[in-house]
Amino acid sequence: FPNVKNKSRNMILKIRGQNIIRFSFKTNATRIKSLLNATCRVTVTKREMVTLIVATTSDPASINPAAALLAMPGWTAGPILPPDMKSFVNKQTRVIQHDGSIVKEDDLDSRWEEATGEAVDEVIFLSRHTAVSNRPALTVHPIGMLKDQNFPSGVGVLHLKEGESPPQGGKPGWAALTSPRIGPWLRLLKKMAEAHSLVPEFEITLEGTHHGPITSKPTMFLEIGSTEEYWKRQDAAQVMALLMWEGLGLGGGEAVGDWNSETGKRKVLLGIGGGHYAPRHMDVVLKDDVWVGHLLSGYSLPMEEPKPGEKHIGGTWRQSIQAAFEATIASFPGGEIVAHLDHKSFKGWQKKAITEFLAEQNINVGKPNDFT
């Protein structure tokens, strides 16, 4: 410090983008040699935590649920997110509208924080869903870089090797933090869809972890599928809007799916194996009080069978499991992460390799009854 007398000096410490701590020092000494000789006043200012809902006008399955949500009471115009994204505000929820690709607008959470000073707690993306079957569906899923071989363009790339380019946003080897709401909202979505007579026409399902965009906060996708006819269905859009309205507590009730390790059950399912729609993991998740982390479908676990006389199993399956596990741990602080394997989807040598790797990494493996 310079030579000062009877003057204050301030230091500001920013912690994890959430709290700002201001230290004020005042001393009669000609030079501050030790904080023990200084008067210190600490003021803690907690920034408001908000939920971001992101929609694009280029996709009817994205903008229609957003419009239905914005038609409900309490919304006001919010700030413009540079360069020209509109936003709308209601309590602790923010809706952002842009005109680009929903999977390629990276870092919207940090961009919002920089532009507004608000701390983002979670991000929810609204999007269309495409399936080879063309079956109508309402889906929920975590995101990360996985590639689905059933889709011509691919849908993410968690197991891509260094230097390979992601087909739909994101970056190789990355898995987003998973929204704790995925499991509770899937169960709520099923009840709402049944109440509004969308079932059995629409399938209500999870999807495996796939595609971008890059985020640093807990994230999930809500999607309407699977063809243009269904992307434009207003009844499906209305159910998705009601899911967000009630799920976030905007109507005055309790929010659904807030994680708290101090109360209730703490087991979190990490799905490994199976198809893109994870039916065996779904059977577990539809039970009450089951939390959901990442879901690694078989296509995201490339394994190379060893040649005769060799033991090493090549492929990037280890990296996929490790990235998904670490992101799930970070998403559920204090939670008990338990891997749930779709055993029937693996060959014997694959299952043996995966279970041995999970044991090496101290990742517990559970059966369906272990989650009740």
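Residues numbered from 1 in each chain as written. Predicted model: local features only at pLDDT ≥ 70, side-chain atom pairs only at ≥ 80, totals over all residues. Heavy atoms only, no water.

## Some points on the sheet that holds strand E14 (residues 336-341)
Strand order in the open sheet formed by 4 strands is E13-E12-E14-E15, with parallel pairing between adjacent strands. This sheet does not close on itself; its edge strands, each paired only once, are strand E13 (291-296) and strand E15 (364-365). As paired elements, E14 and E15 share 2 bridges and run parallel to each other. From the neighbouring strand, Val 338 faces E15, where its bridge partner is Asn 364. Each of strand E12 (267-272), E13 and E14 is contacted by helix H7 (residues 317-331), which is oriented at about 160° to E13, the strand it contacts most. (Pairing = 2+ DSSP bridges. Helix = DSSP H or I, 4+ residues; strand = E, 2+ residues; numbered from the N terminus. Contact = heavy atoms within 4.5 Å. Axes fitted to C-alpha atoms, helices over the stretch in contact; angles between N-to-C directions.)

## Considering the nonpolar core
Counting 49 residues, the largest nonpolar core has Leu 69, Leu 138 and Leu 222 as its most contacted members. Ranked by residue count, the leading element in this core is helix H5 (residues 234-247), at 8 residues. Ignoring sequence-local partners within four residues, the contact set of Leu 138 consists of Leu 189, Ala 193, Leu 198, Phe 202, Glu 203, Ile 204, Thr 205, Glu 223, Ile 224, Ala 236, Val 239 and Met 240. Counting 23 residues, the second-largest nonpolar core is a separate cluster that includes Trp 259, Met 303, Ile 313 and Leu 358. (Core = buried A, V, L, I, M, F, W, Y, C linked by side-chain atoms within 4.5 Å. Buried < 20%, exposed > 50% of the residue type's maximum accessible area, 1.4 Å probe, protein only.)

## Some points on the pattern of salt bridges
Any two side chains of opposite charge can pair, on the condition that their charged atoms come close. A complete count under the given rule lists 12 salt bridges for this structure. Measuring nitrogen to oxygen at the nearest pair gives 2.9 Å for the salt bridge that ties Arg 233 to Asp 235. A salt bridge links Lys 352 to Glu 356; its shortest N-O distance comes to 2.7 Å. You can see Lys 352 and its partner Glu 356 sitting in helix H8 (residues 348-360), 4 residues apart, about one turn around the helix. Because the salt bridges share partners, they merge into one network encompassing Glu 122, Arg 181 and Asp 258. (Salt bridge = Lys/Arg side-chain N within 4 Å of Asp/Glu carboxyl O.)

## Re the packing of H7 against H8
As a packed pair, H7 and H8 sit with axes 11 Å apart at the nearest point and diverge in direction by 45°. Taken together, H7 and H8 sit at an angle that is classed as oblique. As for how H7 packs across H8, the hand of that crossing is right-handed. Here Trp 317, Arg 318, Ile 321 and Gln 322 of H7 lie close against H8, whose contacting residues are Ala 353, Ile 354, Phe 357 and Leu 358. Looking at side-chain class alone, the contact of H7 with H8 contains 6 nonpolar, 1 polar and 1 charged residues. (Parallel < 35°, antiparallel > 145°, perpendicular 65-115°, else oblique. Left-handed = near helix turned anticlockwise from the far one by under 90°. Nonpolar A, V, L, I, M, F, W, Y, C, P; charged D, E, K, R; others polar.)

## Points about the packing of aromatic side chains
Under the definition given, this model contains 6 aromatic pairs. Measuring from ring centre to ring centre gives 5.0 Å for Trp 259 and Trp 291, while their planes differ by 90°; the resulting arrangement is edge-to-face. Residue Trp 259 is found in the loop between H5 and E12, and its partner Trp 291 is found in strand E13; the two are separated by 32 residues along the sequence. Classification of Trp 291 as buried rests on a relative accessible area of 12%. Seen in terms of ring centroids, Trp 291 and Phe 332 are 6.2 Å apart; in terms of plane orientation they differ by 65°. Their pairing is edge-to-face. Of this pair, Trp 291 sits in strand E13 while Phe 332 sits in the loop between H7 and E14; the two residues are 41 residues apart in sequence, bridging distant segments of the chain. (Phe/Tyr/Trp six-rings, centres within 6.5 Å; stacked < 30°, edge-to-face > 60°.)

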